[in-house]
Amino acid sequence: MSRADGAPGPTAPDRDLAAGTVTVRVPATSANLGPGYDSFGLALDRWDEVRGSLQDGVQVTVEGVGTGQLPLDGRHLVVRAVAAAWTAAGRQLPGLRLHGVNRIPHGGGQGSSAAAIVSGLLLGRALLPDPSVLSDQRLLELGTAMEGHPDNVAPALSGGLTLAFTARDGRPRAVHGAVHPAVRAVLFTASTGSSTHHTRSLLPAVVPHADAAANAATAALLWHALTAEPALLFEATVDRLHQAYRAPEMPASAALLLTLRDAGVPAVLSGAGPSVLVLTDRPVPSELLRHNGFTVDPVPISALGGVVTAG
Ligand SMILES: Nc1ncnc2c1ncn2[C@@H]1O[C@H](COP(=O)(O)OP(=O)(O)O)[C@@H](O)[C@H]1O
Ligand SMILES: N[C@@H](CCOP(=O)(O)O)C(=O)O
């Protein structure tokens, strides 16, 4: 993965981690950012953590979000991603002991599934006898194949602002932008969830040419606004590809978006929703920071993506 801002990618593969226990932290991510459907993504300072080691058989424990709901065997998404990393390295995973500490809401539009996949890929790579056989680019490809779209996987792997695209060879790639220091993120986390898979099915196969043209302009403007001219963020966060089609499934989020935008606040659906994200260089009036059904937090943008440590 190339980095336009020269910031570090995920922790490099390290032979010393191959034995023993490995801890991986991966940030939440907000995808789309309005008009950047399936391409723009931003890492946020809210982290899931997994600790894993090789053993015979699979043993999973979970605390935090999803406790009592997630499968505790080979169907667990992190375990599947660890196994995918080993398969890609030409090896069969012997077995895994895994403990997850989950803080990213599930089905909230904050990239929990991408965080789980990236956690598993980074953990799987670190546990390989020779981690260097899997490059960061290969992990982006594996994660995108599992997730179905690259926009959360790219910032979960490498942090910051990313623009993911499909190259001529059919593989996902990502470039990075340095977010203007005045830009702040405020996350309105919905108390309800929705399945990304389901709300993707609500999107039409074809959109009017005028919508595509307008969206191309605002997406390009958004990159400029986020990296160079935040004063343009309100104009740059107009989407015509996905939010309106998803609105009937998440009326509270649609109403919140309307309220914020009517007040001139640059608000978008976070990922597939139902969370809402504000990206702005201005203070948000305090009366707009309280909404039934949403928890409102300023969340720093994370320059770091997944971090791998021994122990
Ligand atoms: N930490 C985790 N461990 C295991 N599975 C997870 C984890 N986080 C998310 N998932 C899986 O991903 C699903 C949510 O994915 P998705 O619908 O794409 O929503 P999101 O916007 O949160 O990524 C969860 O219901 C669960 O099946
Ligand atoms: N581009 C995807 C992004 C989904 O993000 P998530 O965090 O809601 O899973 C989409 O809009 O479907």
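All figures in this text were calculated on a predicted structure; none of them were measured in a lab.

Account for the overall build of the protein chain, with residues named and values stated.
When helices and strands are tallied, the protein chain shows nine helices and eleven strands. At 19 Å, the protein chain has a C-alpha radius of gyration in line with the 19 Å of a compact globule built from 311 residues. Principal axes of the C-alpha set define a box for the protein chain whose edges measure 55 × 40 × 35 Å. Here the protein chain holds 311 residues, and the buried ones make up 48% of them.

Before we move on, could you go through the site of ligand 1 and cite the residues and values that matter?
By nearness alone, 21 residues border ligand 1, and Leu77, Ser112, Ser113, Ala116 and Thr196 come closest of all. Of all the secondary structure elements, the ones that give two or more residues to the shell around ligand 1 are helix 1 (77–88), strand 4 (95–102) and helix 2 (112–127). Class assignment for the residues of the shell around ligand 1 results in five nonpolar, 15 polar and one charged.

Please provide a residue-by-residue account of the UniProt feature "domain: GHMP kinase N-terminal" (unreviewed entry) in the protein chain, values included.
UniProt annotation of "domain: GHMP kinase N-terminal" (unreviewed entry) refers to residues 77–160 when read in the numbering used here. Annotated as 55% helix and 10% strand, the span residues 77–160 places its first and last C-alpha atoms 24 Å apart.

Which residues make up the site of ligand 2, and what values do they have?
The immediate surroundings of ligand 2 are formed by 16 residues, with Ala31, Gly109, Thr196, Gly271 and Ala272 found nearest. If you list the elements that add at least two residues to the shell around ligand 2, you get strand 1 (22–32), strand 2 (36–54) and helix 5 (196–200). Classifying every residue of the shell around ligand 2 gives three nonpolar, ten polar and three charged.

Which residues make up the nonpolar core, and what values do they have?
Core analysis: the biggest nonpolar cluster contains 72 residues, and Ala81, Val118 and Leu121 have the highest contact counts within it. Take this core: its biggest share by element is ten residues, from helix 2. Lining this core are residues from two domains, each supplying at least three of them: domain 1 (15–175 + 301–310) and domain 2 (184–298).

Lay out helix 2 in plain terms, naming residues and giving numbers.
With 16 residues, helix 2 ought to run about 22 Å at 1.5 Å a step, and its terminal C-alpha atoms sit 22 Å apart, in line with that. Burial analysis of helix 2 places 16 of its 16 residues in the buried class, which makes it a mostly covered element.

Let's hear about unusual backbone geometry: which residues, and what values?
Geometrically, the link from Gly273 to Pro274 is a cis peptide bond, its omega value of 5° lying close to zero. Inspection of the secondary structure assignment puts Pro274 in the loop between strand 8 (267–269) and strand 9 (276–280). The backbone phi angle of Leu33 is positive, close to 55°, even though this residue is not glycine. If you trace the backbone, Leu33 turns up in the loop between strand 1 and strand 2.

Lay out the confidence of the model for the protein chain in plain terms, naming residues and giving numbers.
In low-pLDDT segments, the atomic positions of the prediction should not be examined closely. In the predicted model, the protein chain carries a mean pLDDT of 94, and 94% of its residues have values of at least 70. For the stretch residues 11–18, pLDDT sits under 50, and the model shows 20 contacts to residues farther than four places along the chain or on other chains. The ipTM for the predicted assembly is 0.99, set against a pTM of 0.94.

Describe in detail the pairing of strand 4, supporting the description with residues and values.
Burial along strand 4 is one-sided: Leu96, Leu98, Gly100 and Asn102 are buried, and none of Gly95, Arg97, His99 and Val101, which face the opposite way, are. Bridging between strand 2 and strand 4 involves six bridges; their strand directions are antiparallel. When the bridges of strand 4 are listed, Arg51 appears paired with His99. Bridge count for strand 3 (residues 57–64) against strand 4 is eight bridges, and the pairing is parallel.

How would you explain the environment of Val276 if you had to name every residue and give the values?
Within the secondary structure, Val276 is located in strand 9. Residue classification places Val276 among the buried residues on the basis of 27 C-beta atoms within 10 Å. The spatial distance from the C-alpha of Val276 to the C-alpha of Leu256 is 7.9 Å, given a sequence separation of 20 residues. Among residues more than four places away in sequence, those in contact with Val276 are Phe188, Ser253, Leu256, Leu257, Ala267, Leu269 and Ser270.

Go over the UniProt feature "domain: GHMP kinase C-terminal" (unreviewed entry) in the protein chain, please, and point to the residues and values.
Feature annotation in UniProt assigns "domain: GHMP kinase C-terminal" (unreviewed entry) to the following positions: residues 233–284. Strand forms 15% of residues 233–284 and helix 38%; the C-alpha atoms that close the span are 13 Å apart.

Give a description of the packing of helix 1 against helix 2 that names residues and reports values.
Packed helices, taken two at a time, are described by the angle between their axes plus the distance between the axes. Helix 2 packs onto helix 1 with a crossing angle of 40° between their chain directions and a minimal axis gap of 7 Å. In terms of axis orientation, helix 1 runs oblique to helix 2. The handedness of the crossing between helix 1 and helix 2 is right-handed. The segment helix 1 lies against helix 2, with Leu77, Val78, Val79, Arg80, Ala81, Val82, Ala84, Ala85 and Trp86 engaging Ser113, Ala116, Ile117, Ser119, Gly120, Leu121, Leu123, Gly124 and Arg125. Here the residues of the contact of helix 1 with helix 2 are counted per class, giving twelve nonpolar, four polar and two charged.

Quick notes on the rules
Residues numbered from 1 in each chain as written. Chains lettered and ligands numbered in written order. Predicted model: local features only at pLDDT ≥ 70, side-chain atom pairs only at ≥ 80, totals over all residues. Helix = DSSP H or I, 4+ residues; strand = E, 2+ residues; numbered from the N terminus. Rg over C-alpha atoms; globule rule 2.2 N^0.38 Å. Buried ≥ 20, exposed ≤ 12 C-beta atoms within 10 Å, placed from the backbone. Near = placed C-beta within 6 Å. Nonpolar A, V, L, I, M, F, W, Y, C, P; charged D, E, K, R; others polar. UniProt positions renumbered as here; feature names shortened; annotations may be inferred. Core = buried A, V, L, I, M, F, W, Y, C linked by C-beta atoms within 7 Å. Domains from an automatic or database assignment. Expected span 1.5 Å × (residues − 1). pLDDT = per-residue confidence, 0-100. Contact = placed C-beta atoms within 7 Å. Pairing = 2+ DSSP bridges. Axes fitted to C-alpha atoms, helices over the stretch in contact; angles between N-to-C directions. Parallel < 35°, antiparallel > 145°, perpendicular 65-115°, else oblique. Left-handed = near helix turned anticlockwise from the far one by under 90°.

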